[in-house]
Amino acid sequence: MRAFTDHPTEASRFVSDGERAHWHDRALWFVRAKRDRASETLPEWERLREEAHRIKSHTMKHLAWYLRLFEERATANGIEVRWASDALEHNEIVASILREEGVERVVKSKSMLTEECGLNPYLQERGIEVVDTDLGERIVQLAGDTPSHIVLPAIHLKKEDVSEIFAEHMGTEEGNSDPVYLTVSARKSLREKFLTADAAITGVNFALAREGAVTICTNEGNADLGVAVTKLHIASMGIEKIIPSAQSLGVFTRLLARSATGQAVTTYTSHYSAPEEGARMVVVIVDNGRSGLLAGEESPILSCIRCGSCMNTCPVYRRSGGHSYGSVVPGPIGTLLAYSRDGERYSSLPFACTLCASCTMVCPAKVPLHDTIYRVRKSAIETPTYTGKRKALSLIYALLRYRPLYLTAMTLYGWAVKYLPRNLLYSGYNVWGRDRDMPEPARRSFSRIYDDIERREDG
Amino acid sequence: MDSREAILRALSSSDRAPMESVEMELDFETLRFGENRVAVFRQNLESAGGEVIETDDVTIEEISSRFDGVGIVVDTREETPDIPEDISGVSLAIFSSPLAVAENGAVWIEPCGRYPDSLLTLPIALAVVVSRKDIVDNMHEAYERVEIGKCGWGLFLSGPSKTADIEQSLVIGAHGAVEMKLFLTE
């Protein structure tokens, strides 16, 4: 696990490079604008969002039943279904299947669940080569880094960074940072990996209960390629990936890519219901804390379809970068996922939010993101991290309630700003003043002016 | 207790069969393209990086002539297509599709064991033949027409493979096909 202090500390590292932070902000806003244009092409857009919300809520209400149905149908189709209570069990299951098949090299397509479970290091420690094949993930893998966005894993890197990483690990030309050149080089290098791999590991975008099939969406075709050229396909999914049927899938395939990147659909929308002849397909269904969310107030976060649109639109995410969240999934949905998993460690995340509600407005599954963040914020403030802040706030509350005390405090403030030496005024205790100047007090206070006017009118 | 039981027990409050089908209400008005359907399909596939060619001449020779520097060609429309040992060496694979989707330029392809799955992902170029009669408006209609589970793998493909993972610059040809041309027949 990445070392993590709190969001402001991590974000300060990101914003220290102003130009880069500004680029990041604009690049993501561009994606958000593309999402807007794509959504506007469909008059039924809002209805689709409602349907997605309705289908997901319905499925969650009958989750165990749908999981059983999926297992039954998938098994009948020739897919093996395995169950894992937590991350470790997931990794053990995957490793044991790979061992059974004598697998030495694995090609992997993007899966936030396997990131959550720490599958790559687990397998690597056991002598298995794991190659991430999504270009963005490959870049961060080579750099020894982690994804900073769930759809655009390398959005925190500039093409010059990628050029450097590739030159070091793939022997590409130094200083050539042309995206076409870099992509073609990665394609060549990864082709070799694909053709020598023994197994493919993928995530799952949607699992269809009635059909016993899984749907995987990519633009690069890396999942499809990996599955097609190997004899073993392991697909890992969280329990919340279930939807009732292919008929309901229509709603989600219309929403997903439009919300994520502004495309009408992903280039490859694959539906796997059985292994190819002579091959083996295993679906691993993972809980890892999700079942505990189902009964609680945070259950709507299980409806997330991982499109990333809440990140693209979030003013805090865009300006602080994905790594500042210290969790696999960043941004508004990541805040909720991380906080529900470990409220102590991630107590700062609910405050990395302006409550602007933009995330809730774009979420294709209508997850009430900002409302939920606001709610968990109330419990986050009770954690030991915020004891000092809590005390300070109750002091301010007392000041504001008692007028003479308030007026005295304001007079003192005016005096302090005017006469205190700068290094005393902006000492470590002044959190507000760390990055900005204290507001200049007015020559005459509002209440003075108000009293004067009243007096004049009375007179 | 094994994990399957443990998970299902933790979810036991959700173990009732639904009384109503969630799909029943999926009958809202969707965008229709009417006589513009072909034009909309073309526009969407082109913006996904594909090319649309309207022609009724879809012989293997005619199709191959539309691609530059074609080497080994596999035509999966043949009853028993001639598949080379090394599929990586195939430069063009030809498919026929029973279904295309106007709203996003996707076509439905399923190998069904007639040819190896990798023929859809390894070749540099793909050609897909579709009849204009088989274009539907949207994904709802598309999923009504296809039967998922009939073959082990079914794919909606919209253009050549692509990525924008380096600074959001779109590059065509990530892992799969670098080129995809669609031949639209009567």
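Refer to the structure above for everything that follows.
The written sequence of each chain sets the order in which its residues are numbered from 1. Think of it this way: whatever chain is written first is A, whatever ligand is written first is 1, and the rest follow in order. Under the rules for a predicted model, residues below a pLDDT of 70 receive no local features and side-chain atom pairs below 80 are neither given nor counted, while totals for whole chains, interfaces and linings still include all residues. Side-chain descriptors were evaluated using all non-hydrogen atoms of the structure, hydrogens and water having been removed beforehand.

**Some words on the overall build of chain A**
- Under the DSSP-based scheme used, a helix requires at least four consecutive residues in state H or I and a strand at least two consecutive residues in state E, with every element numbered from the N terminus. A tally of regular secondary structure across chain A gives 22 helices and 10 strands.
- When a residue's accessible area, from a 1.4 Å probe over protein chains only, is under 20% of the maximum for its type it is buried; when over 50% it is exposed; and in between it is partly exposed. When the 459 residues of chain A are sorted by exposure, 57% land in the buried category.
- Should any heavy atoms of two residues lie within 4.5 Å, those residues are considered in contact. In chain A, 73% of the contacts between residues at least 6 apart in sequence involve partners at least 24 apart.
- We get accessible surface area from the Shrake-Rupley algorithm with a probe of 1.4 Å; when it comes to residues, only the shown protein chains can shield them. As displayed, chain A offers around 20,200 Å² of accessible surface, 53% of which is attributable to carbon and sulfur atoms.
- Under the convention used here, Asp and Glu are negative, Lys and Arg are positive, and both His and the chain ends fall outside the count. To locate a charge, take NZ of a lysine, CZ of an arginine, CG of an aspartate or CD of a glutamate. When the 58 basic and 58 acidic side-chain charges of chain A are each reduced to a single mean position, those positions are 6 Å apart.

**Comments concerning the sheet that holds strand β7 (residues 135–136) of chain B**
- Taken together, the eight strands give an open sheet; going across it, the order is β8(A)-β5(A)-β6(A)-β9(A)-β8(B)-β5(B)-β4(B)-β7(B), and neighbouring strands pair in mixed fashion. Edge positions in the sheet fall to β8 (242–243) of chain A together with β7 of chain B, since each of these pairs with one other strand and no more.
- Bridge count for strand β5 (residues 206–208) of chain A against strand β6 (residues 213–218) of chain A is three bridges, and the pairing is antiparallel. In the sheet register, Phe206 of chain A faces β6 of chain A, and the bridge partner there is Thr215 of chain A. Any two strands with at least two DSSP-identified bridges between them are counted as paired.

**Details of helix α5 (residues 87–100) of chain A**
Residue and element names in this part refer to chain A.
- In a regular helix each residue adds 1.5 Å, so 14 residues correspond to 20 Å; α5 covers 20 Å between its end C-alpha atoms and thus fits that length.
- Taken residue by residue, α5 has Ala87, His90, Asn91, Ile93, Val94, Ala95, Ser96, Ile97 and Leu98 as its buried positions.
- Downstream of α5 by one or two residues, Gly102 has phi in the positive range, about 65°. To estimate the expected span of a helix, subtract one from its residue number and multiply by 1.5 Å.

**Remarks on the side chain of Glu23 of chain B**
- Locating Glu23 of chain B in the fold gives a position in the loop between α1 (3–10) and α2 (37–47).
- Looking at Glu23 of chain B, the relative accessible area reads 7%, which means it is buried.
- A distance of 3.0 Å separates polar atoms of two side chains, one belonging to Glu23 of chain B and the other to Ser21 of chain B.
- With residues near it in sequence (within four places) discarded, Glu23 of chain B still touches Arg210, Pro244, Ser245, Gln247 and Ser248 of chain A. Polar contacts here mean pairs of N or O atoms no more than 3.5 Å apart (in protein, one a potential hydrogen donor and the other a potential acceptor; neighbouring residues in sequence count only if both atoms are side-chain atoms).

**Thoughts on the interface of chain A and chain B**
- Taken residue by residue, the interface counts 92 residues in chain A and 64 residues in chain B.
- By definition here, a salt bridge exists when the distance from a side-chain nitrogen of Lys or Arg to a carboxyl oxygen of Asp or Glu is within 4 Å. Taken together, chain A and chain B are joined by five salt bridges.
- With a closest N to O distance of 3.0 Å, Arg258 of chain A and Glu103 of chain B form a salt bridge.
- At the boundary of chain A with chain B, the tally comes to 40 residue pairs in polar contact (both at pLDDT 80 or more).
- Per-class residue counts for the side of chain A that touches chain B are 46 nonpolar, 23 polar and 23 charged. Any residue that is not Ala, Val, Leu, Ile, Met, Phe, Trp, Tyr, Cys, Pro, Asp, Glu, Lys or Arg is counted as polar, Gly included; the first ten are nonpolar and the last four charged.

**Structural notes on the packing of aromatic side chains**
Residue and element names in this part refer to chain A.
- In this scheme Phe, Tyr and Trp rings, the latter by its six-membered ring, pair at centre separations within 6.5 Å, and the angle between planes marks the pair as stacked below 30 degrees, edge-to-face above 60, and tilted otherwise. This model, assessed by the stated rule, comprises 11 aromatic pairs over all chains.
- Arranged with centres 5.2 Å apart and planes meeting at 80°, the rings of Trp65 and Tyr66 form a pair that is edge-to-face.
- Residue classification places Tyr66 among the buried residues on the basis of a relative accessible area of 1%.
- Aromatic side chains Phe446 and Tyr450 sit 6.0 Å apart centroid to centroid with 35° between the ring planes, which places their arrangement in the tilted category.

**Side note on a nonpolar patch on the surface**
All names here are of chain A.
- Residues Leu393, Ile396, Leu400, Tyr406 and Met410 make up a contiguous nonpolar surface patch of roughly 480 Å² in combined accessible area.
- Listed by contribution, the elements that provide at least two residues to the nonpolar patch are α19 (387–401) and α20 (403–419).
- Among the elements that make up the nonpolar patch, the one with the highest residue count is α19 (three residues).
- Within the fold, Tyr406 resides in helix α20. Two joining distances apply to patches: 9 Å for like charges and 5 Å for nonpolar side chains (Val, Leu, Ile, Met, Phe, Trp, Tyr), and every residue must have over 30% relative accessible area and no salt bridge.

**Re the state of the cysteines**
- Cysteine sulfur atoms are paired as a disulfide whenever they come within 2.5 Å of each other. Summed over the entire model, instances satisfying the criterion amount to one disulfide over all chains.
- Here Cys112 of chain B pairs with Cys151 of chain B through a disulfide, and the sulfurs are 1.5 Å apart. Here Cys112 of chain B, found in the loop between β5 (106–109) and β6 (125–131), pairs with Cys151 of chain B, found in the loop between α4 (139–145) and β8 (153–157); they are 39 residues apart in sequence, far enough to count as distant.
- Among the residues examined, Cys112 of chain B registers a relative accessible area of 39% and is labelled partly exposed.
- For Cys151 of chain B, a relative accessible area of 6% corresponds to the buried category.
- Its sulfur unpaired, Cys307 of chain A is 6.4 Å from the next cysteine sulfur, which belongs to Cys363 of chain A.

**Considerations on the packing of α19 of chain A against α20 of chain A**
All names here are of chain A.
- In contact at an axis separation of 5 Å, α19 and α20 are set at 110° when each is read in the N-to-C sense. Between α19 and α20, the interaxial angle falls into the category roughly perpendicular. Each of Leu399, Leu400 and Arg401 in α19 lies in contact with α20, whose residues at this interface are Arg403, Leu405, Tyr406 and Ala409.
- Of the residues that constitute the contact of α19 with α20, the class distribution is five nonpolar, no polar and two charged. Note on definitions: angles span 0 to 180 degrees between N-to-C directions of axes, and those axes are lines fitted to C-alpha atoms, for helices only across the stretch in contact. Working rule for angles: under 35 degrees goes down as roughly parallel, over 145 as roughly antiparallel, 65 to 115 as roughly perpendicular, anything else as oblique.

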